[in-house]
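The chain contents come next:
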Amino acid sequence: MSTDELISHVHANYTRIYLGGIPSTLNDDAAFLSFICTLTAVEALGGFLKPGEKNGPRFKSFILGYFPKAYHAHADVLWKLRNAAVHGFSPGPYKLTHHNGHLHMTQDGGLTVLNAEDFYAALVMASEKYFTEVKKDATLQASFMQRASDPDTGVLAVGPLAGKP
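Residues numbered from 1 in each chain as written. Predicted model: local features only at pLDDT ≥ 70, side-chain atom pairs only at ≥ 80, totals over all residues. Heavy atoms only, no water.

## Observations concerning the overall build of the protein chain
Alright, step 1. Secondary structure assignment for the protein chain yields six helices and three strands.
Alright, step 2. Order of helices (α) and strands (β) in the protein chain, N terminus to C terminus: α-α-α-α-β-β-β-α-α.
Alright, step 3. The C-alpha radius of gyration of the protein chain comes to 16 Å, within 12% of the 15 Å expected for a compact globule of 165 residues.
Alright, step 4. Taken along the three principal axes of its C-alpha coordinates, the protein chain extends 55 × 35 × 25 Å.
Alright, step 5. A burial count over the protein chain gives 42% of its 165 residues as buried.
Alright, step 6. Within the protein chain, contacts between residues at least 6 apart in sequence are counted, and of these 55% link residues at least 24 apart.
Alright, step 7. Of the roughly 8,700 Å² that the protein chain leaves accessible, carbon and sulfur atoms contribute 57%.
Alright, step 8. Computed over 14 positive and 15 negative side-chain charges, the inter-centroid distance for the protein chain is 5 Å. (Helix = DSSP H or I, 4+ residues; strand = E, 2+ residues; numbered from the N terminus. Rg over C-alpha atoms; globule rule 2.2 N^0.38 Å. Buried < 20%, exposed > 50% of the residue type's maximum accessible area, 1.4 Å probe, protein only. Contact = heavy atoms within 4.5 Å. Areas by Shrake-Rupley, 256 points an atom, 1.4 Å probe, with all protein chains shown as cover. Lys, Arg positive; Asp, Glu negative; His and termini not counted. Charge placed at Lys NZ, Arg CZ, Asp CG, Glu CD.)

This is the structure we're talking about:
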C-alpha cells in the first residue's frame, strides 16, 4: 500500500470507528465513555504524529498542534484526565457533563467543566486538520509511516477477516 493509500485507509477507519462511534455515547447512560473514546482518539493520532515519543508527550503534542487554542493551556491536565478516566473510572481534575454546552470550559468548584459534545467537536476539527496536513506534509508522512510500520502496533482495521493460512 502506498503512503497515500495507507493514510486514506487509516483516515477512513479512524473516522468510521472514532468519529462515527462517539456520537452514540453522547447520552445519559454512556457520556463518560464519550470522554474515554475522545481521549483515546487523541492518543491514537498522537502516536502517528510523534511515534518515537512516550504516550504523554505525544498526546500533549496532538492537543497543542491540532486542537483549538482554548485547549492548549489544558494539555497537561487533559493528560491527567486521560489517565484518571482510563485507569481509574474517575473525572480526575475536571467536572464532566453533557448537553451543557453553555458550561463548557467554565469553572465550577475550582474545576474546569468539560462538556462532552464540545470536546467531541474539538476532536472532529483537530482530526480533520491533522489528516489534511498529513496528506500534504512529507515530515508528517514520515512520522505516520514510522508508526504505521511498527510491527508492535500496525494500523487498526475492524471488519471482516481476510483469512490467512
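Now, onward.
## Some remarks on the environment of Gln-146
Alright, step 1. As for its position among the elements, Gln-146 is in helix H6 (residues 138-148).
Alright, step 2. Other than its neighbours up to four places away in sequence, Gln-146 contacts Pro-51 and Gly-52.

## As for helix H5 (residues 116-134)
Alright, step 1. For H5, which comprises 19 residues, the first-to-last C-alpha distance of 27 Å matches the rise-based estimate of 27 Å (1.5 Å per residue) to within 8%.
Alright, step 2. Of the residues making up H5, those classed as buried are Ala-116, Glu-117, Phe-119, Tyr-120, Ala-122, Leu-123, Ala-126, Ser-127, Tyr-130, Phe-131 and Val-134. (Expected span 1.5 Å × (residues − 1).)

## Quick notes on the packing of helix H2 (residues 31-49) against helix H3 (residues 55-66)
Alright, step 1. Running from amino to carboxyl end, H2 crosses H3 at an angle of 95°, the nearest separation of the two axes being 8 Å. Classified by the angle between their axes, H2 and H3 sit roughly perpendicular to one another. Listed contacts from H3 to Leu-39, Val-42, Glu-43, Leu-45, Gly-46, Gly-47 and Leu-49 of H2 are Asn-55, Arg-58, Phe-59, Ser-61, Phe-62, Ile-63 and Tyr-66.
Alright, step 2. Split into classes, the residues belonging to the contact of H2 with H3 amount to eight nonpolar, four polar and two charged. (Axes fitted to C-alpha atoms, helices over the stretch in contact; angles between N-to-C directions. Parallel < 35°, antiparallel > 145°, perpendicular 65-115°, else oblique. Nonpolar A, V, L, I, M, F, W, Y, C, P; charged D, E, K, R; others polar.)

## Notes on the environment of Asp-28
Alright, step 1. With respect to the helices and strands, Asp-28 occurs in the loop between helix H1 (3-21) and H2.
Alright, step 2. On the basis of relative accessible area, Asp-28 is assigned to the exposed category, the value being 68%.
Alright, step 3. A polar atom in the side chain of Asp-28 sits 2.7 Å from the side chain of His-98. (Polar contact = N/O pair within 3.5 Å; in protein donor to acceptor, adjacent residues only side chain to side chain.)

## Points about the pattern of salt bridges
Alright, step 1. Throughout the structure, instances matching the rule amount to three salt bridges.
Alright, step 2. In this structure, Glu-43 and Arg-82 form a salt bridge, with 2.7 Å as the shortest nitrogen-oxygen distance. Here Arg-82 lies in helix H4 (residues 75-88) and Glu-43 lies in helix H2, a separation of 39 residues in the sequence. Each of the two residues, Glu-43 as well as Arg-82, counts as buried.
Alright, step 3. Note that Asp-76 and Lys-60 form a salt bridge whose closest N and O atoms lie 3.1 Å from each other. (Salt bridge = Lys/Arg side-chain N within 4 Å of Asp/Glu carboxyl O.)

## Quick look at the nonpolar core
Alright, step 1. Counting 41 residues, the largest nonpolar core has Phe-62, Phe-67, Leu-78, Tyr-130 and Phe-144 as its most contacted members.
Alright, step 2. Elements with a minimum of two residues in this core: H1, H2, H3, H4, H5 and H6.
Alright, step 3. Residue contributions to this core peak at nine residues, all from H5.
Alright, step 4. Every residue in contact with Tyr-130, bar those within four places of it in the chain, is listed here: Leu-45, Phe-48, Leu-49, Phe-62, Tyr-66 and Phe-144. (Core = buried A, V, L, I, M, F, W, Y, C linked by side-chain atoms within 4.5 Å.)

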